[in-house]
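Coordinates in review
Here is what each chain is made of, one letter per residue.
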Amino acid sequence: MPDTVITTRQLRRTVLIVAALNFAYFFVEVGVALAIGSVSLFADSVDFLEDTAINLLIAFALGLSAHRRAVAGKAMALIILVPAVAALWQALAKFGDPSPPDPLSLALTAGGAIVVNTVCAVLLARMRAHGSSMSHAAYLAARNDVIAGVLIIVVAGITVWTLSGWPDIVLGLVIVGLNATAAKEVWEVAEEERLAAKALAGEDID
């Protein structure tokens, strides 16, 4: 029992640190995204806000039953779709004027995002086995953000070469796909947890 309590406290402390890091960098990235008109950076900035929400939910849901944790996991799967919808809206809005964002600002901001998300992913990788779908949701979100950051830097290089805004728009749509995939994976893990909770309670599994 003491080990479980310590592990739970460690998880709560970890997710609160991760939430704080994400919330702070959200303001940095959204400010730059709006200033340079970047679809991919805007989508990535909303990811930071999404990660903040997920980790705060984990911190408050640790004392819940397995069934309620599964419900929280499904709620997080829906939260992960928020940046996907935001990126899609931003991409469609820019179809009529695909002007390129500033490549240097794009690359530097994405580089900072990679640093923040790598730290978060490393912290959460140690904890994702504890807390089930909730920790899994947080880890997937951080992992996808690292991937998105690397892709944004690649797009910055392509933008220098092509002087086109289309690579940025296309990457925004790629981030939509990343978040949709993560949402599906989290939903499936939460559903497995719900079925396990019903089995332990002796209920019929539907």
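Notes on the structure follow. (Residues numbered from 1 in each chain as written. Predicted model: local features only at pLDDT ≥ 70, side-chain atom pairs only at ≥ 80, totals over all residues. Heavy atoms only, no water.)

1. A word on the overall build of the protein chain
On a plain count of helices and strands, the protein chain comes out with six helices and zero strands. Seen in sequence order, the protein chain has helices and strands lined up from the N terminus as α-α-α-α-α-α. In terms of overall size, the protein chain behaves like a compact globule, its C-alpha atoms giving a radius of gyration of 18 Å where 206 residues would be expected to give roughly 17 Å. Each of the three principal axes of the protein chain carries a C-alpha extent, and together these read 60 × 35 × 20 Å. Across the 206 residues in the protein chain, those meeting the buried criterion constitute 47%. (Helix = DSSP H or I, 4+ residues; strand = E, 2+ residues; numbered from the N terminus. Rg over C-alpha atoms; globule rule 2.2 N^0.38 Å. Buried < 20%, exposed > 50% of the residue type's maximum accessible area, 1.4 Å probe, protein only.)

2. Some remarks on the side chain of serine 40
Take serine 40: it is sitting in helix H2 (residues 39–61). If we ignore the near neighbours within four places in the chain, the residues touching serine 40 are Leu106, Ile152, Asp168, Leu171, Gly172 and Ile175. (Contact = heavy atoms within 4.5 Å.)

3. What to know about a nonpolar patch on the surface
A cluster of nonpolar side chains, namely Leu88, Leu92, Phe95, Trp166 and Leu173, defines an oily patch on the protein surface of about 440 Å² accessible area. The residue tryptophan 166 is located in helix H6 (residues 166–200) in this model. (Patch = residues over 30% accessible without salt bridge, like charges linked within 9 Å, V, L, I, M, F, W, Y side chains within 5 Å. Areas by Shrake-Rupley, 256 points an atom, 1.4 Å probe, with all protein chains shown as cover. Salt bridge = Lys/Arg side-chain N within 4 Å of Asp/Glu carboxyl O.)

4. So, the packing of H2 against helix H4 (residues 103–125)
Where H2 meets H4, the closest approach of the two axes is 11 Å, and the angle between their N-to-C directions is 25°. Classified by the angle their axes make, H2 and H4 are roughly parallel. Crossing handedness for the pair H2 and H4: left-handed. Between H2 and H4, the contacting residues are Ser40, Leu41, Asp44, Phe48, Asp51 and Asn55 on the first element and Leu106, Thr109, Ala110, Ala113, Val116, Asn117 and Leu124 on the second. In the contact of H2 with H4, the residues fall into seven nonpolar, four polar and two charged. (Axes fitted to C-alpha atoms, helices over the stretch in contact; angles between N-to-C directions. Parallel < 35°, antiparallel > 145°, perpendicular 65-115°, else oblique. Left-handed = near helix turned anticlockwise from the far one by under 90°. Nonpolar A, V, L, I, M, F, W, Y, C, P; charged D, E, K, R; others polar.)

5. Details of the packing of aromatic side chains
All chains considered together, the criterion is met by four aromatic pairs. Both rings, one in phenylalanine 26 and one in phenylalanine 27, keep their centres 5.2 Å apart while their planes meet at 70°; by these two values the pair is edge-to-face. Put simply, the rings of Phe23, Phe26 and Phe27 pair up and form one aromatic cluster. (Phe/Tyr/Trp six-rings, centres within 6.5 Å; stacked < 30°, edge-to-face > 60°.)

6. Remarks on unusual backbone geometry
In this model, leucine 163 sits at a positive phi of 55°, which is unusual for a non-glycine residue. Along the chain, leucine 163 turns up in the loop between helix H5 (133–162) and H6. The exposed category is assigned to leucine 163, whose relative accessible area is 66%.

7. Re the nonpolar core
What tends to happen in soluble globular proteins is that the nonpolar side chains get buried as a cluster. Ranked by internal contacts, the top residues of the largest apolar core, which has 30 residues, are Ile54, Ile58 and Leu124. Put simply, the parts of the chain that give this core at least two residues each are helix H1 (2–36), H2, helix H3 (66–94), H4, H5 and H6. Those residues in contact with isoleucine 54 that sit more than four places away from it in its chain are Met76, Ile79, Ile80, Ala137, Ala138 and Ala141. Counting residues in each nonpolar core, the second largest holds 18 residues, with Ala84, Ala86, Leu106 and Ile175 among its members. (Core = buried A, V, L, I, M, F, W, Y, C linked by side-chain atoms within 4.5 Å.)

8. Observations concerning the side chain of asparagine 55
Mapping asparagine 55 onto the fold places it in helix H2. Judged by relative accessible area, which is 1%, asparagine 55 ranks as buried. Engagement of the side chain of asparagine 55 in a polar contact is seen with the backbone oxygen of aspartate 51, the distance being 2.7 Å. Ignoring anything within four residues of it in the chain, the contact list for asparagine 55 reads Val15, Val18, Ala19, Asn22, Leu124 and Ala138. (Polar contact = N/O pair within 3.5 Å; in protein donor to acceptor, adjacent residues only side chain to side chain.)

9. Quick notes on the packing of H2 against H3
Between two packed helices, what matters for the description is the angle formed by their axes and the separation of those axes. Contact geometry of H2 with H3 gives a least axis separation of 9 Å together with a crossing angle of 165°. Taken together, the axes of H2 and H3 lie roughly antiparallel to each other. Like other packed secondary-structure pairs, H2 and H3 cross with a definite hand, here right-handed. Contacts from Val39, Phe42, Ala43, Val46, Asp47, Glu50, Ala53, Ile54, Leu57, Ile58 and Ala61 in H2 reach Arg69, Met76, Ile79, Ile80, Val82, Pro83, Ala86, Ala87, Gln90, Ala91 and Lys94 in H3.

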